[in-house]
Structures are given as C-alpha cells and as structure tokens.
Amino acid sequence: NILGNNITRENVIRNQLEIDEGDPYNEILAKKSENNLKSLNFFKSVKSSIVDGKKPNSKVINYQLTEKPTGELTAGAGVGTDGGSFFFGIKENNYLGKGVTVDANINLSADSIKGNYSITNPNFKDSDKSVYLNIKAEETDRLTDFGYKTNKTGLALGTSFEYLKNFNLGLTTSSFVEKMETDSTASANQQKQAGNYFDTFLKFNFDYDKRNQKFKTSDGFRSNYSLNVPIISDTNTLTNKYDYRIFNEFFENNITSFSISLSSANSITNDDVKLSERLFISSRRLRGFESGKIGPKDGGDFIGGNYSATFNAQSNIPGIFQNFQNLDAVMFFDAGSLWGVDYNSSLDDGGKLRSSIGIGVDWFTIVGPLNFSLTEVITKEKNDITESFRFNIGTTF
C-alpha cells in the first residue's frame, strides 16, 4: 500500500520497489525498496510498516510518505586569485508528479557564458528505460587577450537501461554547430582552426553499480566507462573516460569514499584536437583551483590537455555538529594532473601533480541548502589560478 502521495503518481513510486505483489517476502528487498524511495528526494520522510495479511503466511507492506517541494533554485560563486565565477540554475525533480526532471542553468565567468537545458524521463512509457534530451549553448570570448572567440550550440538525445543485473548500458547521439573566429594576435594553431564546424558523435556508456544503496551509500562501488565516437567530424576526436568510486563505513556514522577518474581525447586520424574538445579539470574534481585554469598554456591561455587524471578522497566528520542535525561537515583531499598537447609538445608541462586539502560544510537553512568549502593548496605550478573559497546556496519551491 502506498499512502501520502498527493502529487507523485503511484507508478513512479512502484517503479522503485524491489518486490511486487505475489513475490516471496524478503526483508532485505523491502528495506532496499524503502531506500530507493528516499533516494528519489521527493519525500520529506519515508516510513514502512509490515502487518500480517488476511491469508495465512502473507504480509502487507505499507509505505507512508510525506511529500516535500521538489523544485530547486540554486546559485553559486567562487572567489579566487583571478576574479570569480557565478552559477545560477532552476530545476524541477518531479515535474507534474511523473518523476521527470527538468533542469536549466547558466554559468558565467570573466570570458565565457554557458547555458544548458535538459529533460530526463527515468521510466519512459513504463519501459524501465531512461530517455533524456539535453540542449546547450556556450560562448568563449578571448579576442582581446588571446585573439580567438568560439560559439558552440547543439543537442544530445540518449537512453539508458539495465542490460544485466547491476549493469546499465547507455546510448547517446549528439550534434553540434561550432564557429571559431580569430584575429592576428591568435596563435598559429588557433588561426589554423578558425572556421565553421558540424560534428556528430555516438556515445556508449557502461555503468556497473554495486553500491549497497543509492541513498547515503555506505558500502560497495560504482564503475563507469564512456566512449564518445566521432561519426561526422573534421578532427575525428575519440574521447574515453573511466570513473571508479568506492565507499566504506570505517566506524559508526562515518561514510568515506575514494574515487579516481581517467580521461583521454585524441584524433583517430592524427589531426589536432579542437580547443573545445580538449580536456579540462573542473573545480568539482580539483577543489582549490579554478575550473580549467591549470595545465598546459599557449602564451597566457590555458588550452587543456589530451589526458587527465584525478583522485579524490572524502569523509564526513561525525561529532563536530552532533547537536545540530541540519549541519554536516566533511574533509577532503583532491589531486589531479592534466597533460598532452598534440599540436605542440613543447607546451606540455609534463603532467605535474596538483593537490589540495580542505573542509566543507552542508547547512540546511530556512531558505534552503547552503554549502561552502575552504581549501588549502598543497602542490601547484606558478601559473595555476587557485580558488580558496566556494559557496552555493539554494531554495526549494
């Protein structure tokens, strides 16, 4: 029995249940079903009770739900050694009670603007297959400083589904129109890449998920590999990415995770990879450094790399805010490296290691969630642009 869902449709809820009517009762699967409902983040509370059924040796499971607002308004900013960046987004996680996610956001920095709109249906026409559409547009204007400007617009359409137990397969096709302008102050390689482009890619995603639960994971691992294959492209850039994350509960109320991420981007026809297709490390993967502001440089411009690697360790700190149930603290260690310049190996900095350590706080305030991090850089290069403080604040509707 499903009780308390005034907005969320019942089929959305039942799709999360690991057992159906008529199945043998299994306490582990019943608890996993409850955890799946919590992971949706549609409900303020999820409680289950088990009573004897009318027939001998039968059980009835009652799920009592309390719904909560599922819309989100989010703003974020970073303050570093070279100015700052700003992020704003609006998101509905349960559109019309169908479990559909609609997300729109914009990211602004001193020389770029990036907009993104996506819609995801996790159970398209009750097929147990996720279908999503993503539309994005971005502009990077560095004409004044480095002599080039790029505009890129396109969309991606994809699906993912459980191919084998705990193993999901994803297929995505994406197409982009891009224009790159240069002037006489641009580098020789950037001038060579000036022009109009149309690219189409086919992406394969392999996701092996052995976490014990989706909500507050305390054990297990998740392994993900993606391959982005060029179908129509001038540079024929092939991108590989592998992510692995493992979770452990070393002591009571502690959740610790370790993750590693490896990426490569190379042309299968030995062309030079376009600037927009080169790899950068985000500030989420390497806290303490501005996104895309480490690694090889062409003149004064950060140009990204052909290869990247990051390592992250994070653990919550029980006891610090034990008297405040709305506060949670974590400590983290991040390390990363970015290297490879296919068009000019002399620009490569050898993939030197960057690393940082810090603390973060998640605070659920009256107006919404607030989180911030303080970071101390351990190793860096002299040209890297660091960021010691970052915060995000949001509200629900």
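Residues numbered from 1 in each chain as written. Predicted model: local features only at pLDDT ≥ 70, side-chain atom pairs only at ≥ 80, totals over all residues. Heavy atoms only, no water.

Enquirer: Any details on the overall build of the protein chain? Residues and values, ideally.
Expert: Helices and strands together make up the secondary structure of the protein chain, namely four helices and 21 strands. Across its three principal directions, the C-alpha atoms of the protein chain cover 85 × 45 × 35 Å. When burial is assessed residue by residue, the protein chain has 39% of its 397 residues classed as buried. Restricting the contact set of the protein chain to residue pairs at least 6 apart, pairs at least 24 apart contribute 53%. Accessible area of the protein chain: about 21,700 Å², with a carbon and sulfur share of 55%. Averaged over its 43 positive side-chain charges, the protein chain has a centre that lies 5 Å from the centre of its 48 negative ones. (Helix = DSSP H or I, 4+ residues; strand = E, 2+ residues; numbered from the N terminus. Buried < 20%, exposed > 50% of the residue type's maximum accessible area, 1.4 Å probe, protein only. Contact = heavy atoms within 4.5 Å. Areas by Shrake-Rupley, 256 points an atom, 1.4 Å probe, with all protein chains shown as cover. Lys, Arg positive; Asp, Glu negative; His and termini not counted. Charge placed at Lys NZ, Arg CZ, Asp CG, Glu CD.)

Enquirer: Outline the pairing of strand β3 (residues 59–67), supporting the account with residue identities and numerical values.
Expert: Inspection of the sheet shows strand β1 (residues 2–3) paired to β3 by two bridges, in the parallel sense. From the neighbouring strand, I2 faces β3, where its bridge partner is Y63. As defined by bridge partners, strand β2 (residues 43–52) adjoins β3 across nine bridges and the pair is classed as antiparallel. Of the residues in β3, the one forming a bridge with V51 is V60. Counting the residues that bridge the hairpin from β2 to β3 gives six residues, and of these N57 lies at a positive phi of roughly 60°. (Pairing = 2+ DSSP bridges.)

Enquirer: A description of the nonpolar core should follow, citing residues and the corresponding values.
Expert: Residues I2, I13, L37, F43, Y63 and L65 are the most contacted members of the largest nonpolar core, which totals 14 residues. For this core, the elements supplying multiple residues, two or more each, are α1 (10–14), α2 (27–39), β2 and β3. Excluding anything up to four places from it in sequence, I2 contacts E10, I13, R14, L17, Y63 and L65. Residues L279, I281, F289 and L338 belong to the second largest nonpolar core, which totals seven residues. (Core = buried A, V, L, I, M, F, W, Y, C linked by side-chain atoms within 4.5 Å.)

Enquirer: Before we move on, can you summarise the environment of Y244 with the specific residues and values?
Expert: Tracing the sequence through the fold places Y244 in strand β13 (residues 237–248). Linking Y244 and T173, residues 71 residues apart in sequence, is a C-alpha distance of 24 Å. Not counting residues up to four positions away in its chain, the partners in contact with Y244 are F221, R222, S223, F258, S259 and I260.

Enquirer: Can you lay out unusual backbone geometry for me, pointing to particular residues and giving the numbers?
Expert: Residues other than glycine seldom take positive phi values, yet N41 does so here, at roughly 65°. Its place among the elements puts N41 in the loop between α2 and β2.

Enquirer: Mind laying out a nonpolar patch on the surface, listing which residues take part and the relevant values?
Expert: Taken together, the side chains of I246, F250, F251, F258, I260, L262 and F311 present a nonpolar region at the surface, about 610 Å² in accessible area. The dominant element in the nonpolar patch, judged by the number of residues it contributes, is strand β14 (residues 256–267), at three residues. Among the secondary structure elements, F250 is positioned in the loop between β13 and β14. (Patch = residues over 30% accessible without salt bridge, like charges linked within 9 Å, V, L, I, M, F, W, Y side chains within 5 Å. Salt bridge = Lys/Arg side-chain N within 4 Å of Asp/Glu carboxyl O.)

Enquirer: If you had to explain α2 to someone new, which residues and values would you point to?
Expert: With 13 residues, α2 extends 19 Å from end C-alpha to end C-alpha; this agrees with the ideal 18 Å at 1.5 Å per step. Those residues of α2 that fall on the buried side of the exposure criterion are A30, S33, E34, N35, N36 and L37. Packing partners of the buried residues in α2 comprise α1, β2 and β3. Just downstream of α2, N41 is the residue with a positive phi angle, here 65°. (Expected span 1.5 Å × (residues − 1).)

Enquirer: Hey, could you go over the pattern of salt bridges for me, with residue numbers and the actual values?
Expert: Enumeration over the complete set of coordinates arrives at 21 salt bridges. Among the salt bridges present, the one from D209 reaches R222, with a minimum N-O distance of 3.9 Å. Taken together, the residues D209 in strand β11 (residues 195–209) and R222 in strand β12 (residues 220–232) connect sequence positions 13 residues apart. Residue classification places D209 among the buried positions, given a relative accessible area of 16%. Among the charged side chains, a salt-bridge network with shared partners connects E178, D199, K274 and E277.

Enquirer: Requested: an account of the sheet that holds β3, with residues and values cited.
Expert: Strand order in the open sheet made by the three strands is β1-β3-β2, with mixed pairing throughout. At either end of the open sheet lies a strand with only one pairing partner, and these are β1 and β2.

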